[in-house]
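What the coordinates show
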Amino acid sequence: MKIDSHQHFWRYRPEDYPWITPDLGVLQRDRLAADAQSGWTEAGVSGCVAVQARTIEAENADLLAMAAQDPRIRAVVGWVDLTAPTAADRLAHWAEHPRFRGVRHVLQGEPDV
C-alpha cells in the first residue's frame, strides 16, 4: 500500500489563498481528490493524508468533510492556533474526529521575531 503523505485540496478563491501568486497560476483552480486520481493510479497510490493549505480552523472542517466523502483521504493534518489560550480545547475538539491526526503551523510569510 502506498500513501501520499502530503496532499492539498481546496476550492479555489483568490481571497482564501493569497499565497497562490500569479507565478503559481497552475494552482489557481479547484484541487480536489478527483483531480489527483489519475496521478494516484499511475503511481500506485491507494490513499493520502490531506494537509491544510490555509491557517484557519474552517480548513479542518472542509478537509474532514472531503474525507467523509472519499475513503482515499485516510487522514487530515489541520491547523489550530497553538498560541491561543483555547488551544488545548480546540485540539481536543478536533481529536474527536477519527481521521484528524495532527496540526501544523506554517511559518512562511510570518515575521521573524
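Residues numbered from 1 in each chain as written. Predicted model: local features only at pLDDT ≥ 70, side-chain atom pairs only at ≥ 80, totals over all residues. Heavy atoms only, no water.

Time to look at the pairing of strand β4 (residues 100–103). Across three bridges, strand β3 (residues 73–78) lies against β4 in parallel orientation. Its bridge partner lying in β4, Val77 is registered against Gly102. (Pairing = 2+ DSSP bridges. Helix = DSSP H or I, 4+ residues; strand = E, 2+ residues; numbered from the N terminus.)

What follows deals with the side chain of Asp70. Inspection of the secondary structure puts Asp70 in the loop between α2 (58–69) and β3. On the basis of relative accessible area, Asp70 is assigned to the buried category, the value being 11%. A distance of 2.4 Å separates polar atoms of two side chains, one belonging to Asp70 and the other to Arg72. Once residues within four sequence positions are removed from consideration, Asp70 is found in contact with Ala33 and Arg99. (Buried < 20%, exposed > 50% of the residue type's maximum accessible area, 1.4 Å probe, protein only. Polar contact = N/O pair within 3.5 Å; in protein donor to acceptor, adjacent residues only side chain to side chain. Contact = heavy atoms within 4.5 Å.)

Another point: α2. Between the first and last C-alpha of α2 there are 17 Å, a value that for twelve residues agrees with the 16 Å anticipated at 1.5 Å per step. Within the span of α2, buried status applies to Glu59, Asn60, Leu63, Leu64, Met66 and Ala67. With its buried residues spanning 155° around the axis, α2 presents them on a single face. Of the residues in α2, the exposed ones pointing more than 90 degrees away from the buried face are Ala68 and Gln69. Residues of α2 that are buried sit in contact with β2 (45–51), β3, α3 (87–95) and β4. (Expected span 1.5 Å × (residues − 1). Arc of directions from axis to C-beta.)

Spatially, four strands are ordered β1-β2-β3-β4 in an open sheet, and the strand pairing comes out parallel. The open sheet has two edge strands with one neighbour each: β1 (2–7) and β4. Geometrically, the sheet is characterised by an average inter-axis angle of 25° between neighbouring strands, direction not taken into account. Contacts from helix α1 (residues 33–43) reach β1, β2 and β3 within the one sheet, and its direction differs from that of β1 by about 140°. (Axes fitted to C-alpha atoms, helices over the stretch in contact; angles between N-to-C directions.)

For the rest of this paragraph, the subject is the nonpolar core. General note: in soluble globular proteins, nonpolar side chains tend to be found buried as a group. With 16 residues, the main nonpolar core has Phe9, Trp40, Ala50, Leu63, Ile73 and Val76 as its most contacted residues. Residue assignment for this core shows that the elements contributing at least two residues are α1, β2, α2 and β3. For this core, the leading source of residues is α2, giving four residues. Those residues within four positions of Val76 in sequence are excluded, and the remaining contacts are Ala50, Leu63, Leu64, Ala67, Arg99, Phe100, Arg101 and Gly102. If you look at the next biggest cluster of nonpolar residues, it comprises five residues, including Trp10, Tyr12, Ile20 and Ala53. (Core = buried A, V, L, I, M, F, W, Y, C linked by side-chain atoms within 4.5 Å.)

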